[in-house]
Amino acid sequence: MRIGELAERTGVSARSLRYYEQQGLLRADRDANGYRRYGPDAPETVGQIRELLATGLSTDAIRELLPCAQGGPGLVFCDRSCGAVERQMAQLDAEIAELARKREALATYAHVMRQRRDQDRALAAMALRSA
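- Going by an unreviewed UniProt entry, the protein carries the name MerR family transcriptional regulator and comes from Streptomyces chrestomyceticus.

### Regarding the overall build of the protein
Link 1 in the chain: Scanning the protein from N- to C-terminus turns up five helices and two strands.
Link 2 in the chain: Each helix (α) and strand (β) of the protein, taken in turn from the N terminus, gives the series α-α-β-β-α-α-α.
Link 3 in the chain: Taken over C-alpha atoms, the radius of gyration comes to 26 Å for the protein, far larger than the 14 Å a tight globule of 131 residues would show.
Link 4 in the chain: Looking at the protein as a whole, 26% of its 131 residues qualify as buried.
Link 5 in the chain: Pairs at least 24 residues apart make up 42% of the contacts formed inside the protein by residues separated by at least 6 positions.
Link 6 in the chain: Of the roughly 9,300 Å² of accessible surface on the protein, 54% is carried by carbon and sulfur atoms.
Link 7 in the chain: With 20 positive and 18 negative side-chain charges, the protein shows a spacing of 8 Å between the two charge centroids.

### Overview of the UniProt feature "domain: HTH merR-type" (unreviewed entry) in the protein
Link 1 in the chain: As recorded in UniProt, the sites labelled "domain: HTH merR-type" (unreviewed entry) are residues 1-68.
Link 2 in the chain: For residues 1-68, the end-to-end C-alpha separation is 24 Å, with 54% helix and 6% strand making up the annotated structure.

### Examining the pattern of salt bridges
Note that side chains of opposite charge can pair when their charged atoms are close.
Link 1 in the chain: By the definition in use, this model includes eight salt bridges.
Link 2 in the chain: Here Asp-31 and Arg-37 are joined by a salt bridge, their closest N and O atoms 3.3 Å apart.
Link 3 in the chain: According to the relative accessible area criterion, Asp-31 is partly exposed, its value standing at 22%.
Link 4 in the chain: Between Arg-63 and Asp-60 there is a salt bridge, with the nearest N and O atoms lying 3.0 Å from each other. With Arg-63 and Asp-60 both in helix H4 (residues 59-65), this residue pair falls three residues apart, about one helical turn.
Link 5 in the chain: According to the relative accessible area criterion, Asp-60 is partly exposed, its value standing at 48%.

Analysis parameters
Residues numbered from 1 in each chain as written. Predicted model: local features only at pLDDT ≥ 70, side-chain atom pairs only at ≥ 80, totals over all residues. Heavy atoms only, no water. Helix = DSSP H or I, 4+ residues; strand = E, 2+ residues; numbered from the N terminus. Rg over C-alpha atoms; globule rule 2.2 N^0.38 Å. Buried < 20%, exposed > 50% of the residue type's maximum accessible area, 1.4 Å probe, protein only. Contact = heavy atoms within 4.5 Å. Areas by Shrake-Rupley, 256 points an atom, 1.4 Å probe, with all protein chains shown as cover. Lys, Arg positive; Asp, Glu negative; His and termini not counted. Charge placed at Lys NZ, Arg CZ, Asp CG, Glu CD. UniProt positions renumbered as here; feature names shortened; annotations may be inferred. Salt bridge = Lys/Arg side-chain N within 4 Å of Asp/Glu carboxyl O.

So this is what it looks like as C-alpha coordinates:
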(Lines give C-alpha, C1' and ligand atoms only; values in the text may rest on other atoms or scores of the structure.)
Protein backbone atom coordinates (compact mmCIF):
# COMPACT_ATOMS: atom_id res chain seq x y z
CA MET A 1 0.00 0.00 0.00
CA ARG A 2 1.11 3.55 -0.62
CA ILE A 3 1.70 6.18 2.03
CA GLY A 4 -1.68 7.87 1.52
CA GLU A 5 -3.57 4.64 2.06
CA LEU A 6 -1.51 3.80 5.14
CA ALA A 7 -2.14 7.29 6.49
CA GLU A 8 -5.88 6.91 5.92
CA ARG A 9 -6.04 3.43 7.45
CA THR A 10 -4.09 4.39 10.57
CA GLY A 11 -5.17 8.00 11.07
CA VAL A 12 -1.51 9.03 11.11
CA SER A 13 -0.28 11.79 8.82
CA ALA A 14 1.94 10.98 5.86
CA ARG A 15 4.51 13.32 7.41
CA SER A 16 4.58 11.22 10.58
CA LEU A 17 4.88 8.02 8.57
CA ARG A 18 7.89 9.45 6.72
CA TYR A 19 9.37 10.44 10.09
CA TYR A 20 8.86 6.91 11.44
CA GLU A 21 10.62 5.58 8.37
CA GLN A 22 13.48 8.07 8.81
CA GLN A 23 13.85 6.97 12.44
CA GLY A 24 14.06 3.31 11.44
CA LEU A 25 10.70 2.41 12.98
CA LEU A 26 8.82 1.64 9.79
CA ARG A 27 10.08 -0.02 6.64
CA ALA A 28 8.97 0.90 3.14
CA ASP A 29 10.13 -0.43 -0.18
CA ARG A 30 10.28 1.80 -3.24
CA ASP A 31 8.61 0.91 -6.52
CA ALA A 32 10.01 1.74 -9.95
CA ASN A 33 8.81 5.36 -9.86
CA GLY A 34 10.16 5.93 -6.33
CA TYR A 35 6.85 5.78 -4.44
CA ARG A 36 6.89 4.20 -1.01
CA ARG A 37 5.20 0.81 -0.72
CA TYR A 38 4.34 -0.53 2.70
CA GLY A 39 3.71 -4.18 3.48
CA PRO A 40 0.48 -5.64 4.87
CA ASP A 41 1.86 -5.52 8.44
CA ALA A 42 2.48 -1.74 8.30
CA PRO A 43 -0.85 -0.67 9.88
CA GLU A 44 -0.18 -2.91 12.89
CA THR A 45 3.39 -1.61 13.17
CA VAL A 46 2.15 1.99 13.05
CA GLY A 47 -0.35 1.16 15.81
CA GLN A 48 2.43 -0.28 17.96
CA ILE A 49 4.60 2.78 17.33
CA ARG A 50 1.73 5.07 18.38
CA GLU A 51 1.10 3.04 21.55
CA LEU A 52 4.76 3.18 22.50
CA LEU A 53 5.03 6.90 21.74
CA ALA A 54 2.02 7.46 24.03
CA THR A 55 4.04 5.96 26.92
CA GLY A 56 6.66 8.66 26.48
CA LEU A 57 9.30 6.39 25.00
CA SER A 58 11.76 7.97 22.60
CA THR A 59 12.00 6.81 19.01
CA ASP A 60 15.41 5.32 19.88
CA ALA A 61 13.82 3.19 22.60
CA ILE A 62 10.94 2.25 20.32
CA ARG A 63 13.38 1.13 17.62
CA GLU A 64 14.92 -1.13 20.24
CA LEU A 65 11.52 -2.45 21.36
CA LEU A 66 9.76 -3.08 18.05
CA PRO A 67 11.33 -6.53 17.60
CA CYS A 68 9.58 -7.48 20.87
CA ALA A 69 6.18 -6.29 19.63
CA GLN A 70 4.09 -9.05 18.13
CA GLY A 71 0.45 -8.97 17.18
CA GLY A 72 -1.70 -6.44 18.92
CA PRO A 73 -0.99 -4.24 21.92
CA GLY A 74 1.77 -4.94 24.35
CA LEU A 75 5.22 -6.44 24.11
CA VAL A 76 6.50 -9.97 24.21
CA PHE A 77 8.99 -10.47 27.02
CA CYS A 78 12.58 -10.01 25.94
CA ASP A 79 15.62 -8.44 27.57
CA ARG A 80 15.23 -5.34 25.42
CA SER A 81 11.60 -4.80 26.40
CA CYS A 82 12.18 -5.15 30.13
CA GLY A 83 15.21 -2.87 30.20
CA ALA A 84 13.65 -0.12 28.09
CA VAL A 85 10.35 -0.19 29.97
CA GLU A 86 12.07 -0.15 33.36
CA ARG A 87 14.30 2.77 32.31
CA GLN A 88 11.24 4.72 31.13
CA MET A 89 9.40 4.02 34.38
CA ALA A 90 12.43 5.19 36.39
CA GLN A 91 12.59 8.38 34.33
CA LEU A 92 8.87 8.99 34.87
CA ASP A 93 9.27 8.39 38.61
CA ALA A 94 12.04 11.01 38.70
CA GLU A 95 9.91 13.47 36.74
CA ILE A 96 6.93 12.85 39.04
CA ALA A 97 9.14 13.47 42.10
CA GLU A 98 10.43 16.72 40.57
CA LEU A 99 6.88 17.85 39.75
CA ALA A 100 5.78 17.04 43.32
CA ARG A 101 8.67 19.14 44.66
CA LYS A 102 7.70 22.04 42.40
CA ARG A 103 4.05 21.74 43.41
CA GLU A 104 4.97 21.80 47.09
CA ALA A 105 7.05 24.95 46.53
CA LEU A 106 4.10 26.61 44.78
CA ALA A 107 1.75 25.52 47.54
CA THR A 108 4.05 27.20 50.07
CA TYR A 109 4.01 30.43 48.05
CA ALA A 110 0.23 30.27 47.72
CA HIS A 111 -0.16 29.75 51.48
CA VAL A 112 2.06 32.74 52.29
CA MET A 113 0.25 34.91 49.72
CA ARG A 114 -3.15 34.00 51.24
CA GLN A 115 -1.88 34.78 54.74
CA ARG A 116 -0.60 38.18 53.61
CA ARG A 117 -3.85 38.91 51.79
CA ASP A 118 -5.85 38.06 54.92
CA GLN A 119 -3.55 40.24 57.04
CA ASP A 120 -3.92 43.14 54.60
CA ARG A 121 -7.70 42.79 54.64
CA ALA A 122 -7.74 42.72 58.43
CA LEU A 123 -5.56 45.82 58.60
CA ALA A 124 -7.75 47.61 56.03
CA ALA A 125 -10.87 46.72 58.00
CA MET A 126 -9.32 48.01 61.23
CA ALA A 127 -8.28 51.22 59.50
CA LEU A 128 -11.83 51.75 58.21
CA ARG A 129 -13.32 51.16 61.62
CA SER A 130 -11.00 53.61 63.31
CA ALA A 131 -11.51 56.28 60.68
